[in-house]
Amino acid sequence: MRALWLEDRRLTVRDDLPTPRPGPDEALVRVVLAGICGTDLELLRGYLPFRGVPGHEMVGVVVEAASAPHLVGHRVVAEINIACGDCAPCRSGLPRHCSRRRVLGLRGLDGVFAEHVCVPVANLQRVPDRVPDGSAVFTEPLAAARAAVDEVAPAPGTRVVLLGAGRLGQLIARVLATTGCRLTVVARHAGQRDLLASVDAEVVGEHETARLAGTADVVVEACGAGSGLATALDLVRPRGTVVLKTTSAAPVGLDLARVVVDEICLVGSRCGPFEPALALLAEGRVDPLPLIAATMPLEHGPAALERAAAPGAGKVLLALSATG
Ligand SMILES: [Zn+2]
Ligand SMILES: [Zn+2]
């Protein structure tokens, strides 16, 4: 089969990979659309020691599933963490924190920048008919966006500043807007500000944040750069909360005295459950379709990742096959 292959921080297009064979509790999924996310770009920079097929955001069609034949022919999305079910975190109900977890396209498991991928049946969610492929491919990042918002569950009127309006920031902004909080989004690029026109939020440039210093009940940091945390600490009020979403390959130097003196709560947030994200899409409460900047074929995969890495780039999708 054809796929993108990552090795020694180099990405190549291959057509000589065997189509994977599903195990007894796995499904073979034909990938329809895959999304390129910031973590894929960090992977290229060496964020995790990964060799294989990258990619973890996808919508596809089940081709084969011995233990779940009712899924064959249906559109699905796949939760990306595959837990062992046996370690201490798994036993305490935290499978996403399994100490032996494999993660689709990120850790120990080939991902979705391929014509086919094998995924445990337990990780699959059927996509409601009314959600188009172009929206469904956002399920994984939308689940991550929703989980970040869920960490703080802002009440209506809560003063929230979102730092960053890139791929993930745009989704977080849309989820925050559903909560009735008083939202300000700090967006670096004009194109990112344009995409926020339909969102119920004040939108400011990154040089307009001085007046926000110390005012935010909650700051959600989704800049995609480690420097965002320092800005977040400037904007949050004493005893406020900062939610961190950026995974950066580079370590961050930071004066943490602010956290102590102002008794700030720092919350890390990675992934989230798929069902509520699919519900946001199915109910039309979040529409990610305007966020798609380009859809490119697998053969142009390296160029697609380059495009996604450009400053202010929107969501770039890889088209692997048709739904039908
Ligand atoms: Zn991602
Ligand atoms: Zn485990």
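None of the values given here were measured: they were computed from a predicted structure.

S.K.: Looking at this structure, how should I read the sheet that holds strand S10 (residues 159-163)?
M.R.: Hydrogen bonds between backbone atoms are what pair the strands of a sheet, whose relative direction is either parallel or antiparallel. Sheet architecture is open: 6 strands sit in the order S12-S11-S10-S13-S14-S15, paired in parallel fashion. If you trace the sheet from one side to the other, it starts and ends with strand S12 (202-204) and strand S15 (265-268), each paired once. The mean inter-strand angle of the sheet, taken between neighbouring strand axes irrespective of direction, is 20°. Sheet analysis places strand S11 (residues 182-186) next to S12, joined by 3 bridges and oriented parallel.

S.K.: Can you walk me through the coordination of the zinc ion (ligand 2) in this structure?
M.R.: Around a metal, the ideal angle is 109.5 degrees if four donors adopt a tetrahedral arrangement and 90 or 180 degrees if six donors adopt an octahedral arrangement. Coordination of the zinc ion (ligand 2) by the protein comes from Cys84 (SG), Cys87 (SG), Cys90 (SG) and Cys98 (SG), over a distance range of 2.3 Å. Classification of the site at the zinc ion (ligand 2) as tetrahedral follows from its 4 donor atoms and the range of 102 to 120° in their angles at the metal. Taken in sequence order, the residues that donate to the zinc ion (ligand 2) follow the motif C-x2-C-x2-C-x7-C. In this pair, Cys84 sits in the loop between strand S6 (81-82) and helix H2 (88-91) while Cys98 sits in the loop between H2 and strand S7 (102-103), placing the two residues 14 residues apart along the sequence.

S.K.: I tried to follow the coordination of the zinc ion (ligand 1) on my own but got confused; where do I start?
M.R.: Distances from the zinc ion (ligand 1) to its protein donors, Cys37 (SG) and His56 (NE2), fall at 2.0 to 2.2 Å. Of the two residues, Cys37 sits in the loop between strand S3 (26-36) and helix H1 (38-44) while His56 sits in the loop between H1 and strand S4 (57-64), which places them 19 residues apart along the sequence. Both residues of the pair, Cys37 and His56, count as buried.

S.K.: In this structure, what is going on with helix H7 (residues 228-235)? I would like to understand it.
M.R.: Turn by turn, an α-helix covers 3.6 residues, leaving residues three or four places apart pointing in a common direction. Within the span of H7, buried status applies to Gly228, Leu229, Ala232, Leu233 and Leu235. Within H7, the buried residues cover an arc of 165° as seen down the axis, which keeps them to one side. Where H7 is buried, its residues contact S10, strand S13 (216-221), strand S14 (236-244), helix H8 (257-261) and S15.

S.K.: For this particular structure, what's the right way to read the pairing of strand S1 (residues 3-7)?
M.R.: Along a regular strand, successive side chains alternate from one face of the sheet to the other. The element S1 is largely enclosed, with a buried count of 4 among its 5 residues. Note that S1 and strand S2 (residues 10-14) share 5 bridges and pair antiparallel. Bridge pairing in S2 links Ala3 to Arg14. Two successive antiparallel strands, S1 and S2, enclose a turn made up of 2 residues, where Asp8 displays a positive phi of approximately 50°.

S.K.: Help me understand the environment of Ala319 in this model?
M.R.: Along the polypeptide, Ala319 turns up in strand S17 (residues 315-319). The class of Ala319 is partly exposed, set by a relative accessible area of 31%. With 99 residues separating them along the chain, Ala319 and Val220 place their C-alpha atoms 31 Å apart. In contact with Ala319, other than residues within four places in its own chain, are Val32, Leu33, Thr295, Met296, Pro297 and Leu298.

S.K.: Got a minute to help me understand the environment of Thr246 in this structure?
M.R.: Secondary-structure assignment places Thr246 in the loop between S14 and H8. Overall, Thr246 belongs to the partly exposed group, its relative accessible area being 23%. When neighbours within four sequence positions are excluded, Thr246 is seen to be in contact with Glu221, Ala222, Cys223, Gly224, Ala225 and Gly226. One polar contact links Thr246 to Glu221, side chain to side chain, over a distance of 2.7 Å.

S.K.: So what exactly am I meant to see when it comes to the state of the cysteines here?
M.R.: The term disulfide refers to a covalent linkage connecting the sulfur atoms of a pair of cysteines. Under the defined criterion, the tally for this structure stands at 0 disulfides. Free cysteine Cys265: the closest other cysteine sulfur is in Cys181, separated by 17 Å. What makes Cys265 partly exposed here is its relative accessible area of 38%.

About the criteria used
- The residue numbers shown here count from 1 along each chain, following its written sequence.
- Think of it this way: whatever chain is written first is A, whatever ligand is written first is 1, and the rest follow in order.
- Predicted model: local features are reported for residues with pLDDT of at least 70 only, side-chain atom pairs are reported and counted for 80 or more only, and whole-chain, interface and lining totals are derived from all residues.
- With hydrogens and water set aside, each side-chain value is computed from the structure's full complement of heavy atoms.
- Between any two strands, pairing holds if DSSP finds at least two bridges.
- Going along the chain from the N terminus, every DSSP run of H or I of four or more residues is numbered as a helix, and every run of E of two or more is numbered as a strand.
- Under this scheme, a helix contributes an axis fitted over its contacting stretch, all axes are lines through C-alpha atoms, and angles between N-to-C directions fall in the 0 to 180 degree range.
- A donor here means an N, O or S atom no more than 2.8 Å from the metal, or no more than 3.2 Å when the metal is Na, K or Ca. Since water is not included, a site may seem to lack partners.
- Angle rules define the geometry names used: all angles between 85 and 135 degrees makes four donors tetrahedral, while opposite donors over 155 degrees apart and all other angles between 65 and 115 make four donors square planar and six octahedral, leaving every other case irregular.
- Residue burial is assigned from relative accessible area. The probe radius is 1.4 Å, only protein chains are included, and a residue is buried under 20% of its type maximum, exposed over 50%, and partly exposed in between.
- The directions from the helix axis to the C-beta atoms form the arc being described.
- By the convention used here, residues are in contact when the closest approach between their heavy atoms is within 4.5 Å.
- Within 3.5 Å is the distance limit for a polar contact, defined as a pair of N or O atoms, with the added protein rule that one can donate a hydrogen and the other accept it, and that residues adjacent in sequence qualify only through two side-chain atoms.
- For this text, the term disulfide refers to a pair of cysteine sulfurs within 2.5 Å.

Structural measurements only, silent on function.
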